[in-house]
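Inside the fold
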Amino acid sequence: MISSFNHMLKQTLLPLLTLCLLLSPALGAEAPAPPANFLAQDVPGDAGTAIDLSWTLSPDDEEQTKPRKVLRYVISRKVFTGDAKTLTPGTTLTVEVGGKEMTVEVVKNMNEYQLVGETTYSVNKFRDSNCETDVPYLYQIQAIGQEGLASRPVVLEQPVVAQLQWFNLQRGWFAMFVLLICGSVIMFIEMARRGKKLKVRKIAGLEAITDAVGRATEMGRSCLFVPGIQDINDIQTVAGITVLAQVAETTADYRATLEVPTSRSLVMTTARDTVEAAYLAAGRPDEYNEDDIYYITDEQFGYVASVTGKMVRDKPAACFYMGAFYAESLILAETGNSVGAIQVAGTAMPTQLPFFVAACDFTLIGEEFFAASAYLSREPQQLGSLKGQDFGKLVGGIVLVVGCVIATLAAFEAKAAPAEQDEPTSLESAQTYIKENILGKGGF
């Protein structure tokens, strides 16, 4: 009888104890305290589609407590309808916001808050980027804790409206730099048009074109021009075609042979037109041979194998590499060096420049390559643009130097300042302003 009683006790009490253990966390969990100081404001300088929300974290949002009492914050909103009692969808409603009357179109469920987003614990900011322009919104926020328990909702006291601004005043420094640099470009172009000589430093690689073509003429050998392996939509290919025009005009004057193997059909067509125009400008259109400008293949190493084989067989006296290059740059440059050619290279690919510098006689590095058009043509528009861009670089360099000096002095001042000083010093404020406004999103 005792054994049967024990068995019955086990069958009854054990499930009850298990159920109590499972329910004990939920029974002991409490809703977290709500956040405070819930504020909202229109995002300045935007297209009228965003509102910034901020709040003071819940008193229960502490890292020391385990498990955490606050897991996240949920933000909801609804369209402000004032004191309207009955709302008929499709009608319009006039409400007063900040002393200004606004017209709102009534939609379904206008009195219900709709979820717009959430943030994790310890975060007290949120940007609602899906607002409609000139529509008043009321927001509410709740802290969510364990077991999904929510705090008392905190509602904005006043509605907020997302408004369109014509100008983003936070980017005023950027506008100033644009006006300054564009104005300098226009000024230098006008100076060049009026006959003032604008000094441009000599670029050795471009000055060597005449010597390289002259050497090829004396030796009775050809000149080879490689315009890179990218298509005509690449800016480096366009810059290479510009240099090709000068090389073709020089070969026409010296009556040397110029070969241009290409890896793109459009580059071949453009190169043919460029070389034909150069021979026509030199007064020797009959010596132009379009078969010297030909297409090989789009495949990278198939193209370089064909070009290097041509170099080994014909041994050109001058090789020009102008355009976008990749792994084939060293193969081309080393092959040209092995046949004893004068080599002039130009590219804006940082990874390939070391190979050209090591294996070629002259190399146009980066911006020198893009400045070749203005350097060779001496046209006022191009020279003025080049000088204006240099002025912009000078302005940027000055700002960077000033910022570095201020940052260095601010670091020394921070070390010398007392430890209990919380407010930033004048140098630290200037450093922050330069970093966030002049060199940040609002500046360069």
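The structure this text deals with has already been given above.
To keep things clear, this report deals only with the structure shown in the data block. (Residues numbered from 1 in each chain as written. Predicted model: local features only at pLDDT ≥ 70, side-chain atom pairs only at ≥ 80, totals over all residues. Heavy atoms only, no water.)

Attention now goes to the state of the cysteines. Scanning the entire structure with this criterion turns up zero disulfides. For the unlinked cysteine C223, the closest cysteine sulfur is that of C319, found at 8.6 Å. On the basis of relative accessible area, C223 is assigned to the buried category, the value being 0%. Its sulfur unpaired, C360 is 8.6 Å from the next cysteine sulfur, which belongs to C319. (Disulfide = S-S within 2.5 Å. Buried < 20%, exposed > 50% of the residue type's maximum accessible area, 1.4 Å probe, protein only.)

Moving on, we get to the sheet that holds strand 2 (residues 51–56). Paired through their backbone hydrogen bonds, the strands of a sheet run either parallel or antiparallel. Spatial strand order, 1-2-7: three strands in an open sheet with antiparallel pairing. Two strands bound the open sheet, and with one partner strand each, they are strand 1 (36–42) and strand 7 (125–128). For this sheet the average axis-to-axis angle between neighbouring strands, irrespective of direction, equals 20°. Across five bridges, strand 1 lies against strand 2 in antiparallel orientation. The partner of L39 across the bridge, within strand 2, is S54. (Pairing = 2+ DSSP bridges. Helix = DSSP H or I, 4+ residues; strand = E, 2+ residues; numbered from the N terminus. Axes fitted to C-alpha atoms, helices over the stretch in contact; angles between N-to-C directions.)

This part covers the packing of aromatic side chains. Any pair of aromatic rings gets described here by the distance separating the centres and the angle formed by the planes. Applying the stated criterion across every chain, the model contains nine aromatic pairs. Summarising the aromatic geometry, the rings of Y279 and Y288 are spaced 6.2 Å apart at their centres and angled 55° between planes, so their arrangement reads as tilted. The class for Y279 is buried, based on a relative accessible area of 6%. Accessibility expressed as a relative area gives 17% for Y288, which makes it buried. For the ring pair Y321 and F356, a centre distance of 5.9 Å and an interplane angle of 10° mean the geometry is stacked. Separated by 35 residues along the polypeptide, Y321 in strand 14 (residues 318–322) and F356 in helix 8 (residues 353–359) bring together distant segments of the chain. There is no split in this pair, since Y321 and F356 are both buried. A network of ring pairs unites the aromatic residues F38, W55 and Y73 as a single cluster. (Phe/Tyr/Trp six-rings, centres within 6.5 Å; stacked < 30°, edge-to-face > 60°.)

A word on the nonpolar core. By size, the foremost hydrophobic cluster in this structure holds 46 residues, and its most contacted members are F225, V243, L244, L258, V275 and F320. Considering every element that reaches this core, the biggest residue donor is helix 4 (residues 235–254), with seven residues. Residue contacts for V243: discarding those within four places in its chain leaves I209, F225, M322, F369, A372 and L376. (Core = buried A, V, L, I, M, F, W, Y, C linked by side-chain atoms within 4.5 Å. Contact = heavy atoms within 4.5 Å.)

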